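# Reading the structure
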Number of protein chains: 2
Amino acid sequence: MMEICVCCDVTGRQLERVARAADGFTLMRAAPDQPCNAAIVFGNPAPEIVGRNSRLRWLQLESVGFGEYARLDWTRTGAVVTNLAGFFAEPVAETALAGILALYRGVDRLTRLKAEQRWLGDPLRRELRLLRGAHVVLYGYGAINRRLEELLVPFGCSVTPFGKRHAVERLDAALPAADIVVCAAPATPATNGFFDAARFARLQAGAVFCNLGRGSLVDEEALAAALEANRLAGAVIDVTKDEPLPAGHRFWTCPNLILSQHSGGGTRDEMDRKVDVFLANLVRFRSGAPLADIVDFSRGY
Amino acid sequence: MMEICVCCDVTGRQLERVARAADGFTLMRAAPDQPCNAAIVFGNPAPEIVGRNSRLRWLQLESVGFGEYARLDWTRTGAVVTNLAGFFAEPVAETALAGILALYRGVDRLTRLKAEQRWLGDPLRRELRLLRGAHVVLYGYGAINRRLEELLVPFGCSVTPFGKRHAVERLDAALPAADIVVCAAPATPATNGFFDAARFARLQAGAVFCNLGRGSLVDEEALAAALEANRLAGAVIDVTKDEPLPAGHRFWTCPNLILSQHSGGGTRDEMDRKVDVFLANLVRFRSGAPLADIVDFSRGY
């Protein structure tokens, strides 16, 4: 009997839902770092575990990101990988706007003042900016940045999107005029270290930078330096190269950096919705229909 | 020669702009608590100073709020008062959305975690909510809440506005279904203490309350109790009864309360824009045209 291994952090109730839908399969659980040789895997096991799974036919990731699995030899296995494309667009776009507005309207500062029980009042007003009419550059034009663009419509922002069809020169030409740059591109060899010191230097003083993609896209030392020098007015960082962010990392003490600890995609009902996606794909798998959101190994997402 | 007294906190450059436009008037400055007997006053002097100004013909406030001047006998003086109606709609609406999104997406919590250099990561995700589809009740349907309503459009929120034409019963019937209640009504005898313990008790557990109007509209003890008991999920409070908020006030330690210290209307160029409004009205005054944004003493705003 074909095996399904659930290696994401489901509750008992959620596992029961999978069990009811998995009639005819052997259902098992494994932690992401435990060996697993099931034909169907739901979750994000460690890449070396996946590499050693000789029976794998279908891996349903509980992420959009595929970067950590890209180095495996997928052509040899013949397995299919599906991801959660679009799944996180609403929460991540809301977190991005929350972070941007927090920087523009001083919410991060106000939170710290409240903790100190300190009233600053009127002088605060002179530091606040309006999002209305800001110029926003969107690097990566997938589900997240398209949703963010929708949320920005009533602010009358001018938006310059950059997708994979656009030339890098066009982006570099747009950066000096940007009030806000939002990076929401996948981790691929082409995007690795894309936002480096030279690109941060192109941004105008007072610009805000957001990274909602993957930590590997950003030269973290260069960003930290720009924030510490107050050349950039702020940053909203959902993802970092190392997570948890290591003790002593400059981001912990950088001014005007909102660190959302990779919570941007989160919602209260997140795992229920992930189970929904897996079960809908399981119905397709059983009927032989094409699975939804298959990762293109040549693109890497 | 008729006198113009500037008693708001203008820079030298801003005062020069007024001087150039005030040709034919005697220009003077006074702090808000200094006696002033000018015919034209720009700023918010202490009410007792205004009450003693027997020559006052026109007071251009640098606020929308008129509450503190309402007790003066305006019919006797024959003076006209103009306010900054609509002036703060964009910044206050942006601060309101910043605060609401901060609560929904955990920005206030993340700011505190960063200060402690503490990584929480995944468990955070389970506490986050989406603004998309929330039910929002707007109490007061002037420039601020109308602008906020526009900003909420792409979130697909269902919005129930309450203006001065609506019956209180309709509001009370809507409160139990509200995810978010935004108070942006003026301080008048009718709105004094409007949000009291009984109204907070009508809100569903987990609701968010925002006050952008005046502190007098809210029973602060009742709100603090609801937050401390975690009956309400959060509050965005721009205005309080006493400002600065006194030491020992429960709001300083209330959980999930974003206290914006009456900065909601602030922008970097705020005073420049206030001078713009005054000078545009001064042109009208000189030509005998009706002034813009005259306060209706019978309504109190």
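Going by the structure above, here's the rest.
The present account deals with the structure reproduced in this document. (Residues numbered from 1 in each chain as written. Chains lettered and ligands numbered in written order. Predicted model: local features only at pLDDT ≥ 70, side-chain atom pairs only at ≥ 80, totals over all residues. Heavy atoms only, no water.)

### What about the overall build of chain A?
Of regular secondary structure, chain A possesses eleven helices and eleven strands. Since a compact globule built from 301 residues should have a radius of gyration of about 19 Å, the 21 Å found for chain A is in line with a globular shape. Expressed as lengths along the three principal axes of its C-alpha atoms, the size of chain A is roughly 70 × 45 × 40 Å. By residue count, 55% of the 301 residues in chain A fall in the buried class. Of all intrachain contacts in chain A linking residues separated by at least 6 positions in sequence, the fraction that spans at least 24 positions is 62%. In chain A, 35 side chains carry a positive charge and 34 a negative one; their mean positions are 3 Å apart. (Helix = DSSP H or I, 4+ residues; strand = E, 2+ residues; numbered from the N terminus. Rg over C-alpha atoms; globule rule 2.2 N^0.38 Å. Buried < 20%, exposed > 50% of the residue type's maximum accessible area, 1.4 Å probe, protein only. Contact = heavy atoms within 4.5 Å. Lys, Arg positive; Asp, Glu negative; His and termini not counted. Charge placed at Lys NZ, Arg CZ, Asp CG, Glu CD.)

### So, the packing of aromatic side chains
Working definition: an aromatic ring pair is given by the centre-to-centre distance plus the angle between the planes. Per the stated rule, a full pass over the model turns up 28 aromatic pairs over all chains. Centre to centre, the rings of Phe42(B) and Phe278(B) are 4.4 Å apart; their planes meet at 5 degrees, and the pair counts as stacked. In this pair, Phe42(B) sits in strand β3 (residues 40-42) while Phe278(B) sits in helix α11 (residues 270-287), placing the two residues 236 residues apart along the sequence. Under the relative-accessibility criterion, Phe42(B) is labelled buried at 1%. Judged by centre distance (5.1 Å) and plane angle (90 degrees), the rings of Tyr139(B) and Phe195(B) are edge-to-face. Highlighted residues: Tyr139(B) in strand β6 (residues 135-139) and Phe195(B) in the loop between β8 (180-183) and α9 (197-202), separated in sequence by 56 residues. Clustering of aromatic rings is evident, with ring pairs tying together Tyr139(A), Phe194(A), Phe195(A), Phe200(A) and Phe209(A). The ring of Phe162(A) is capped by Arg170(A), whose NZ or CZ atom sits 4.6 Å from the centre of that ring. In this structure, Arg273(B) is placed above the aromatic ring of Phe87(B), and the distance from its NZ or CZ to the ring centre is 4.2 Å. (Phe/Tyr/Trp six-rings, centres within 6.5 Å; stacked < 30°, edge-to-face > 60°. Lys NZ or Arg CZ within 6 Å of the ring centre and 35° of its normal.)

### A closer look at the interface of chain A and chain B
Counting residues at the interface gives 59 residues for chain A and 59 residues for chain B. The interface formed by chain A and chain B holds four salt bridges in total. Residue Arg125(B) is joined to Glu270(A) by a salt bridge in which the shortest nitrogen-to-oxygen separation is 2.7 Å. Where chain A packs against chain B, one counts 34 residue pairs in polar contact (both at pLDDT 80 or more). Looking at the side of chain A that touches chain B, the elements with two or more residues in it are α4 (89-105), α5 (107-115), α6 (122-125), α7 (143-152) and β11 (257-259) of chain A. When residues of the side of chain A that touches chain B are assigned to their parent elements, the largest contribution, ten residues, is made by α4(A). Per-class residue counts for the side of chain A that touches chain B are 26 nonpolar, 15 polar and 18 charged. (Salt bridge = Lys/Arg side-chain N within 4 Å of Asp/Glu carboxyl O. Polar contact = N/O pair within 3.5 Å; in protein donor to acceptor, adjacent residues only side chain to side chain. Nonpolar A, V, L, I, M, F, W, Y, C, P; charged D, E, K, R; others polar.)

### Points about the relation of the copies chain A and chain B
With an RMSD of 0.1 Å, chain A superimposes on chain B once it is rotated by 180 degrees and translated 0.0 Å along the axis. Accordingly, the operation relating the two chain copies is best matched by a two-fold axis. Rotation axis and chain A: the residue whose C-alpha lies nearest the axis is Ala98(A), separated from it by 2.9 Å. Most of the interface of chain A is mirrored in chain B: 100% of its interface residues are interface residues there too. (Least-squares fit on C-alpha atoms with pLDDT ≥ 70 in both.)

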